[in-house]
Amino acid sequence: MNARAELSLLAAGVRRIAEWDAEDGLIGYPPARANGWPELVTACRLKAPEAFAAAAALGHASGEDAPTPEGQLDVAHAPAQDLSTAPDLAPPSETPSALAATRPTLPAVRSELGDCQRCKLATSGRTTIVFGEGDPGAELMFVGEGPGFFEDQTGRPFVGKAGELLEKMINAMSLTRAEVYICNVVKCRPPENRNPEPDEIIACRPFLHAQIRAIRPKVVVALGKFAAQVLLDSSEPVSRLRGRWFEYVPSQLAELDSAAVAPVRLMPTFHPAYLLRNPDDKKLCWADLKLVMGELGLPRSAL
Ligand code: SF4
């Protein structure tokens, strides 16, 4: 087992322990104690046998290995691994969370989402979860804010008036809708098309990150304030972010995979719904999309 697979398996085990503890009513953990290691190993053995077995096979979980004084992994003494040749990870079959995988598959992410009840948008009148659609191997991905009425009815992202405009924009880039991937920050329609609230974004955000990790596009276009701010962890208005290139590095890639995977380039621009209300700004959006076309090497004749 290579280092990435080992880390992924151990992280999945720790997550599983935390989830089970939360189901038992635990709301936090006490600070690490110097003699707490055997207890932790016992808990690991009981609650995450696959992670324990993996660690034991590597000689790290006998119950006799002391943690470092700070209670952290002793990475300085870990054997060197060539991560650049490591295969992409599929989530272990026993692992309950596709989100923990460095590169999940889209079906695994959708399966993990399930009949999601993780935020109040699940019970505020949604008809269906709008996961996203398009080419799972797309080089270009568009991320919007959240489903509206028609999206909620059909289960497809961007199918109303704003969707028609987005499709025109995609076609103007000499692409078809089927050649890109389209999704939103939140997957359920906020009531009355209000803005998604922070707790809803936080609950849904891991699935967006997992979608991007699954697709690994070359470029993500963040449509509007919410997509730009969530993907960049920024509070700047989109009017100041648009037209500039950023690097999007999914958090788990940053930890596990940054040496092996090129970061995704991110271009914020205006949301099509905003452009319908402010058509004078279409030229600014088109200027942003031309930068994207140049980055992707799309035919200049369409410029
Ligand atoms: S918005 Fe996201 S987190 Fe909230 S219920 Fe829908 S799928 Fe779940």
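Let me begin by describing the structure that accompanies this report. Please read these numbers as outputs of a predicted model, since none were measured by experiment. (Residues numbered from 1 in each chain as written. Predicted model: local features only at pLDDT ≥ 70, side-chain atom pairs only at ≥ 80, totals over all residues.)

## Let's talk about the overall build of the protein
Keep this limit in mind: We count a stretch as a helix when DSSP gives it H or I for four or more residues in a row; a strand needs E for two or more, and each element gets its number in order from the N terminus. With C-beta atoms placed from the backbone, a residue is buried if 20 or more other C-beta atoms are within 10 Å of its own, exposed if 12 or fewer are, and partly exposed between those counts. Here contacts are defined at the residue level, using C-beta atoms placed from the backbone and a cut-off of 7 Å between them.
When helices and strands are tallied, the protein shows 12 helices and six strands. For the protein, with 303 residues in total, the buried portion stands at 36%. Across the protein, contacts joining residues at least 24 apart in sequence account for 72% of those joining residues at least 6 apart.

## Brief notes about helix α7 (residues 198-215)
The condition that has to hold: Expected span of a helix, by definition, is 1.5 Å for each gap between consecutive residues, and there is one gap fewer than residues. Two axes define the bend at a residue: one fitted to the seven residues ending there, one fitted to the seven starting there, and the bend is the angle between them.
Spanning 18 residues, α7 covers 25 Å between terminal C-alpha atoms, matching the ideal 26 Å at 1.5 Å per step. Along α7, the largest kink reaches about 40° and is centred on C204; proline P206 follows within four residues of it. Among all positions in α7, only E200, A203, C204, F207, L208, A210, Q211, I212, R213, A214 and I215 are buried.

## Some remarks on the nonpolar core
What counts is decided by this rule: By definition, a nonpolar core groups buried Ala, Val, Leu, Ile, Met, Phe, Trp, Tyr and Cys residues that connect through C-beta atoms lying within 7 Å of each other.
Grouped together as the largest cluster of nonpolar side chains are 58 residues, with contacts concentrated most on M141, V143, V220, A222, A227 and L231. Here this core takes eight residues from α7, the largest share from any one element. For M141, the contacting residues outside a window of four places in its chain are V180, Y181, I212, I215, P217 and V220.

## Concerning the site of the ligand
Note the following rule: We count a residue as near a molecule or strand when its backbone-placed C-beta atom lies within 6 Å of that partner. Each residue is assigned to one class: nonpolar for Ala, Val, Leu, Ile, Met, Phe, Trp, Tyr, Cys and Pro, charged for Asp, Glu, Lys and Arg, and polar for all the others, Gly among them.
Near the ligand you find 13 residues, and of these C116, C119, A122, C188 and C204 are the closest. The element contributing the most residues to the shell around the ligand is α7, with three residues. Split into classes, the residues belonging to the shell around the ligand amount to 10 nonpolar, no polar and three charged.

## Examining the sheet that holds strand β5 (residues 246-248)
Within a sheet, adjacent strands bond to each other through the backbone by hydrogen bonds, running parallel or antiparallel. Put simply, the test is: Whether two strands pair comes down to DSSP finding at least two bridges between them. Inter-axis angles, ranging from 0 to 180 degrees, are taken between N-to-C directions of lines fitted to C-alpha atoms, where helices are fitted over the stretch in contact.
Taken in spatial order, the six strands make up an open sheet running β1-β3-β2-β4-β6-β5, and their pairing is mixed. Taken across any chain shown, the strands that pair with only one partner, and hence form the sheet edges, are β1 (133-134) and β5. Helix-sheet contacts for helix α8 (residues 225-232) involve β2 (140-144), β4 (219-223), β5 and β6 (264-269), and the interaxial angle to β4 is about 130°.

## A word on the pairing of strand β3 (residues 181-184)
The alternating pattern of β3 places Y181 and C183 on one face and I182 and N184 on the opposite face, and all of these are buried. Bridge count between β1 and β3: two bridges; the pairing is antiparallel. Following the sheet pairing, E133 is matched in β3 by I182. Of the strand pairs in this sheet, β2 and β3 are connected by four bridges, and their pairing is parallel. Across the sheet, the residue bridging to G144 is N184, located in β3.

## Focus on the packing of helix α4 (residues 106-113) against α7
Rule in force here: An angle counts as roughly parallel when it lies under 35 degrees, as roughly antiparallel when it exceeds 145, as roughly perpendicular when it falls between 65 and 115, and as oblique in every other case. We call a crossing left-handed when the near helix sits turned anticlockwise from the far one by less than a right angle, and right-handed when that turn is clockwise.
Between α4 and α7, the least distance of the axes is 9 Å, while the angle of their chain directions is 165°. Considered as vectors, α4 and α7 are oriented roughly antiparallel to each other. At the point where α4 passes α7, the crossing takes the right-handed sense. On α7, the residues touching L106, V109 and L113 of α4 are F207, A210, Q211 and A214. Of the residues belonging to the contact of α4 with α7, the class tally is six nonpolar, one polar and no charged.

## Considering unusual backbone geometry
Across residues other than glycine, the phi torsion is negative in most instances, and most of the peptide bonds are trans. One non-glycine residue, S174, lies in positive phi territory at about 65°. Residue placement: S174 occurs in the loop between α6 (161-172) and β3. The residue R216 is not glycine, and still its phi comes out positive at about 45°. For R216, the position within the fold is in the loop between α7 and β4.

## Here's the deal with the pairing of β2
Along a regular strand, successive side chains alternate from one face of the sheet to the other. Where burial is concerned, most of β2 is hidden: five out of the five residues are buried. Both faces of β2 are covered, namely the face carrying L140, F142 and G144 and the face carrying M141 and V143. Two strands pair when backbone bridges link them, and β2 and β4 are joined in this way by four bridges, in the parallel orientation. For M141, the partnering residue across the bridge sits in β4 and is V220.

## Quick notes on the environment of R194
For R194, the location among the structural elements is in the loop between β3 and α7. Taking the number of C-beta atoms within 10 Å as the measure of exposure, R194 has 10 and is therefore exposed. With 48 residues separating them along the chain, R194 and G146 place their C-alpha atoms 9.5 Å apart.

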